[in-house]
Amino acid sequence: MNRSPYISNAPSVSNIMFKVLLALIPGIVVYAWLFGGGILITLVIATATALLTEALMLRLRRRPVQPFLTDYSAIITAWLLALAIPPLAPWWLIVIGVAFAIIIAKQLYGGLGYNPFNPAMIGYAVLLISFPLLMTKWPAALSIAQTKLSFIEQFNFIFSHTLPAGVTMDAVTSATPLDYLKTQLKLNQSMDSIQAASLFGVVGGKGTEYITLAYLAGGLFLWQQKIITWHLPVAFLGTIAAIASLFWLVDSSQFSSPLIHLFSGASLLAAFFIITDPVSGPTTPKGKLYFAAGIGVITYLIRVYGGYPDGVAFAVIFMNICVPLIDTYTQPRVFGHKE
Amino acid sequence: MLTALYIMLGLALVLGAVLGFAALKFKVEGDPLIARIDAILPQTQCAQCGYPGCKPYATAIANGEADINQCPPGGDEGVHALADLMGMEYKPLNEEHGETKPKAVAFIEEDVCIGCTLCIQACPVDAILGAAKHMHTIVASECTGCELCIPPCPVDCITMEPIEETPENWKWKYPAIPIKPVMKL
Amino acid sequence: MEVSSHTNQAGNETIMNAIIDISGLVKKSKAIFNLHGGVHPPGNKAQSTQLPIGELPLPEKLVLPLRQHIGNIPKITVSINQHVLKGQLLAEAEGTVSAAIHAPTSGTIIAIEDAVIPHPSGLPDQCITIKPDGKDTWIERKTQDWRKGNLNDLVASIRLSGIVGLGGATFPTQIKLRGNGKSEVHTLVINAAECEPYITCDDMLMRERSEQLVLGIQVAQRLIGAQNVVVGVEDNKPEAIAAIQTATANTNIEVKVIPTLYPSGDARRLVHLVLGQEVPHDKRSTQVGIQVFNVATVLALYRYFEFGEPSLSRIVSMTGNVNRPQNFEVLFGTPLMHLVKAVGDAKDDTSHYIMGGPMMGFDLPSEEVPITKAANCIIAASPTLFEPATPAMPCIRCARCADACPVSLQPQELYWFAKADNFEKAQDYKLFDCIECGACSYVCPSAIPLVQYYRYAKSEVIALDKAQEAADIARERNDFRLARLEREKQERAAKHAARAQGAKAAQAAKAAGSQEGQTVTDKQAAITAAIERAKAQKAADGAVPKNTTATSTATKAEIKTIDTRRAAATKDANKLTADTDKQAKIQAAIARAKAQKAAALKAKKG
């Protein structure tokens, strides 16, 4: 019966996870505004899949269903994956991705608190490897697309993969800035001419840069709420900025500016929402710095030298493997002990 | 083709050197095996394992003559520790050798004791005091609870008294969330 | 992680200035150092500081547990039905670490028996019960001149005072002062932080008894010979700070006001806060020249020397779910409910009582328990005051606990190891540096009872260590016994051989043989006779040994198994010692043969 302390001042797990979802809302709103309501459809499918598979697995594992469904952690996985894949991908793509993330990457390892890898990133990696074509077919922002799809048209495209009569695939899709950079550099185009393309905006991709700014705002909210510490985002973004600046200063015709790296791809989403997953990340302050810096380095290397336009998912998964090692070697000095 | 071969060869050499160096540098200078096994055994000297004491049993384990699951006082934890040390698979305690009981100490009913010294001869740790034709008594703090003094006693005056829980030896229990955490006293 | 200093200075200086304004004194306060982690639980101290320290009427009975301090149980020096005077010794300190117990009032000892004590185990323990005679007659009090008296005598006499650390640790005070007369201790830290919520006994003591407190500090200072004295007090007690500032005005005692942060009242944390010095984990603070005393302890020291009063009472905060929370000067042994009555009873929804604060306290096992030297605070608990524990969720490794830990431990890792009974690893992660302050549980979003896991792990490690120690002793004794048996056997063999070699060897050997046989049969006869006697006595007395009737079949079966086991064991033992046996036998045989030869030769000659 002795259970001191008798008092507590902690937000519940649900509370923390709910705030993370809340912090994603600005990004989603901007996303929907720029790319159309299709993303909302994907989010709904992802959420439903996550809750269903989570409940199913909890039932199979004979664990209480209600407390774990209401901790919102499955929904975070679903949303992160939904935001990471192309928004007009067929409905079954997100279903497969989320189901894999929840069943294999989370529940089979023991559910909340026990997954060694970030489930959303595992789901993303599986989709990227299995369906590379679908995963790189991004719709153009409505402002630069030749044909603007309405919500109903997006809905039809997601569920039946049919476009309105007379609209070609090329008319609605566009390369992502990082993808475009990579292919054009291979074609020996100069950096200036590449960046003059219409899909580039002020600091990143046209349109997408506003989404990343919204993620930044959400991230700052999480930091203000003390749900995340500064270590991970600062170390991650700092590392990317530092390496990108170095390469860019050495040869700005071959390497894009640090701003492009920070505001394109999944950089800001990762900085505040993906690498901050506490379960699969390190716990020591120093360890967080190493972990995030490692992700930054690997992400940059994959972007510049790897086969994929963005590398956050693989970088996160790789660094997840290193977490026990990082934690072991970054133990802080205990009071009254020497280093 | 040749390059690959060279790389593999070089790697093998380098890694071999590292391993060899590590083996020398981090060599574990341990006690001889028997002493390490003996350190795990509870030293009850009760002979329940079939050997006349803990050390003989340790020797038998080291020689591969005895199994690791013959020590009831050592309990499950003891078997786990032995399995760990010997690099063997854990197996549950062999019931032929008895079952693990809560620790107890022998108690001599002093009115009944006739002073025959048979129990003194049986005690493996000399924890019984007394002389011929004089009442004997047990030094409770030294008693291992092996029960070896019970059978020789001709008047059955020795009993095993379980050690009582007091505020002194009380332990905090494994945390369990109570189902009804609030109860009126 | 270097703990940076000076960062809190600015904030404190404002507070300091405010206080200086209040007290009209100018005292320079040096930097306050930073603590890693810590939490800010709601203080809830105002409730019990509205009324001054109260006095209680004499209770019906006083129940004094012998176990009120850390260390050995004291030895009882009185007997049942004996009349004792106030301040009379009831039990004297036994061994080095122990403390005496005195009669808190005059009366008759009506019981010396096991009773429930305020201990988390809820197990009963030995207690002395006194029925007060209502006269409160003092025994003759012996005062001592603490300003000039011989230091060794003064320190030695504290053993008779029964004073223990009243901050809650209840470590016998004489140990903390002993042998320090030569003064390797240069700094005395007085712990007035009182960082735990609800507890206000030290606060009220400083407000009302600051003059005596300062004298008490000077007693401790003289006894340990410290040049510097620092009083550490949290800034949530402005009245107490003002009082102590005034009282220390013309002394060299420095008052340091530290920011309110739980657990700054932990001795090692406080030393770091006020002196910027970390006491190494494997050393006592005295080994680095620092000694820490609680305010109530030094006050008790002063009263012991100045008035000859041993430790008979303490200030207790009675608060929580009661009608009029208040502090009281409570005699040790006072039944809990007597104290509860004094605050106008507990409210109806009170579920139980907690001793100590809400962060580190424990549930009292019953309403029957007495107030002891450790009882700084009693909180009446109700489900609304302290919400029932919610089911724990899995750890999500958010590391909030690590951020809150004042020792910079990794609570999430310790939890993991403790939960898996991986005690070795838990110790690698410095399990025993944990002070069980509860800051980690306080901030845990998964509501994991972290501290309970650490207590469990520590308990297990201590028990395992004890078992290991016992096993080592048993091994040593067994080895010794085996060596002794071997030695005896060899001595017998040697004697045998020597005897056999003597003149008239054959005869002597024969005679010895028959004699030996004689003794054996003699012995057997004696044993059977004794058995007969015992049986007869048993029949006469009606005394029956427990294990022949009560558990006959079971015991008999058990004895049988033990018998067979033993037989097998001896057989194996024989096998094992066969080598040495054989050698001895061979030698003996050789000796016998020689003797026979000699005898034959003699006979031939004869």
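Residues numbered from 1 in each chain as written. Chains lettered and ligands numbered in written order. Predicted model: local features only at pLDDT ≥ 70, side-chain atom pairs only at ≥ 80, totals over all residues.

In this section: the overall build of chain A. Of the regular secondary structure elements, chain A holds 17 helices and zero strands. Against the 2.2 N^0.38 benchmark of 20 Å for 339 residues, chain A shows a C-alpha radius of gyration of 21 Å, consistent with a compact globule. Seen through its principal axes, chain A has C-alpha atoms that stretch 70 × 50 × 30 Å. Across the 339 residues that make up chain A, the buried fraction comes to 52%. (Helix = DSSP H or I, 4+ residues; strand = E, 2+ residues; numbered from the N terminus. Rg over C-alpha atoms; globule rule 2.2 N^0.38 Å. Buried ≥ 20, exposed ≤ 12 C-beta atoms within 10 Å, placed from the backbone.)

Attention shifts here to helix 10 (residues 411-419) of chain C. Residues and elements named next belong to chain C. Summarising burial for helix 10: seven of the nine residues are buried, a large majority. Along helix 10, the positions that sit buried rather than exposed are Pro411, Gln412, Glu413, Leu414, Tyr415, Phe417 and Ala418. Where helix 10 is buried, its residues contact helix 9 (400-404), helix 11 (423-428), helix 12 (439-442) and helix 13 (450-501). Backbone geometry just downstream of helix 10 places Asp421 in the positive-phi region, at approximately 55 degrees. (Contact = placed C-beta atoms within 7 Å.)

We now examine the environment of Asn236(C). Residues and elements named next belong to chain C. As for its placement among the helices and strands, Asn236 is situated in the loop between strand 10 (228-234) and helix 5 (238-247). The partly exposed category is assigned to Asn236, around which 17 C-beta atoms lie within 10 Å. For the pair Asn236 and Pro259, spaced 23 residues apart in sequence, the C-alpha to C-alpha distance is 7.9 Å. Ignoring anything within four residues of it in the chain, the contact list for Asn236 reads Gly43, Lys45 and Thr260.

Let us now look at the sheet that holds strand 4 (residues 83-84) of chain C. Residue and element names in this part refer to chain C. Pairing within the open sheet is antiparallel, and its four strands lie in the order 2-8-7-4. Two strands bound the open sheet, and with one partner strand each, they are strand 2 (62-65) and strand 4. In the sheet, strand 2 pairs with strand 8 (residues 124-132) via four bridges, with the strands oriented antiparallel. Bridging from a neighbouring strand, Val63 pairs with Thr129 of strand 8. (Pairing = 2+ DSSP bridges.)

Another point: the nonpolar core. By size, the foremost hydrophobic cluster in this structure holds 249 residues, and its most contacted members are Leu81(A), Val298(C) and Val316(C). In terms of residues, this core owes the most to one element, helix 4 (residues 201-224) of chain C, which gives twelve residues. Residues within four places of Val316(C) in sequence aside, it is in contact with Cys201(C), Asn327(C), Phe328(C), Val330(C), Leu339(C), Ile371(C), Ala375(C), Asn376(C), Cys377(C) and Ile378(C). Counting residues in hydrophobic clusters, the runner-up holds 40 residues, among them Ala60(B), Ile108(B), Ile114(B) and Cys123(B). (Core = buried A, V, L, I, M, F, W, Y, C linked by C-beta atoms within 7 Å.)

This brings us to the confidence of the model for chain C. Detailed reading of the predicted model is not advised wherever pLDDT is low. Residue and element names in this part refer to chain C. Of the residues in chain C, 79% reach a pLDDT of 70 or more, and the chain-wide mean stands at 83. Below a pLDDT of 50 lies the segment residues 1-29, which in the model reaches 44 contacts outside its immediate sequence neighbourhood of four places, other chains included. Throughout residues 542-550 the model reports pLDDT below 50, and contacts reaching past four residues in sequence, or to other chains, amount to 15 contacts. Among the scores for the predicted complex, ipTM is 0.89 and pTM is 0.81. (pLDDT = per-residue confidence, 0-100.)

Contact with chain A, which involves 29 residues of that partner, is made by 43 residues of chain C. Tallied by class, the residues present in the side of chain A that touches chain C amount to 16 nonpolar, ten polar and three charged. (Nonpolar A, V, L, I, M, F, W, Y, C, P; charged D, E, K, R; others polar.)

Residue and element names in this part refer to chain C. Note: strand 4 against strand 7 (residues 107-116), two bridges, orientation antiparallel. Within strand 7, the position partnered with Val84 by the bridge is Gly107. By the bridge criterion, nine bridges tie strand 7 to strand 8 in an arrangement that is antiparallel. Considered in strand 8, the bridge of Ala115 is made with Asp125.

The next point concerns the packing of helix 4 (residues 73-84) of chain A against helix 5 (residues 91-106) of chain A. Residues and elements named next belong to chain A. Running from N to C, helix 4 and helix 5 point in directions that differ by 140 degrees, and their axes come no closer than 10 Å. Relative to helix 5, the element helix 4 is oriented oblique. Two packed elements cross with a definite hand, and for helix 4 against helix 5 that hand is right-handed. Between helix 4 and helix 5, the residues in contact are Ala74, Thr77, Ala78, Leu81 and Ala82 and Ile94, Gly97, Val98, Ala101, Ile102 and Lys106, respectively. Class assignment of the residues belonging to the contact of helix 4 with helix 5 gives a composition of eight nonpolar, two polar and one charged. (Axes fitted to C-alpha atoms, helices over the stretch in contact; angles between N-to-C directions. Parallel < 35°, antiparallel > 145°, perpendicular 65-115°, else oblique. Left-handed = near helix turned anticlockwise from the far one by under 90°.)

Time to look at the environment of Ala140(B). Within the secondary structure, Ala140(B) sits in the loop between strand 3 (137-138) and strand 4 (158-162). With 95 residues separating them in the primary sequence, Ala140(B) and Gln45(B) have C-alpha atoms 16 Å apart.

Take the environment of Thr53(A) next. Residues and elements named next belong to chain A. Tracing the sequence through the fold places Thr53 in helix 2 (residues 38-60). Each C-alpha atom, one on Thr53 and one on Pro132, is 24 Å from the other, the two residues being 79 residues apart in sequence. Beyond its immediate chain neighbours, meaning those up to four positions away, Thr53 contacts Ala99, Ile102 and Ile103.

The strands making up a sheet associate through backbone hydrogen bonding, with each pair oriented either parallel or antiparallel. All names here are of chain C. In spatial order, the strands read 3-5-6; together these three strands make up an open sheet with antiparallel pairing. The open sheet terminates on both sides in strands that have one partner only, identified here as strand 3 (75-76) and strand 6 (101-102). Across two bridges, the pairing between strand 3 and strand 5 (residues 89-92) is antiparallel. Looking at strand 5, one finds that Lys75 is bridged to Glu92.

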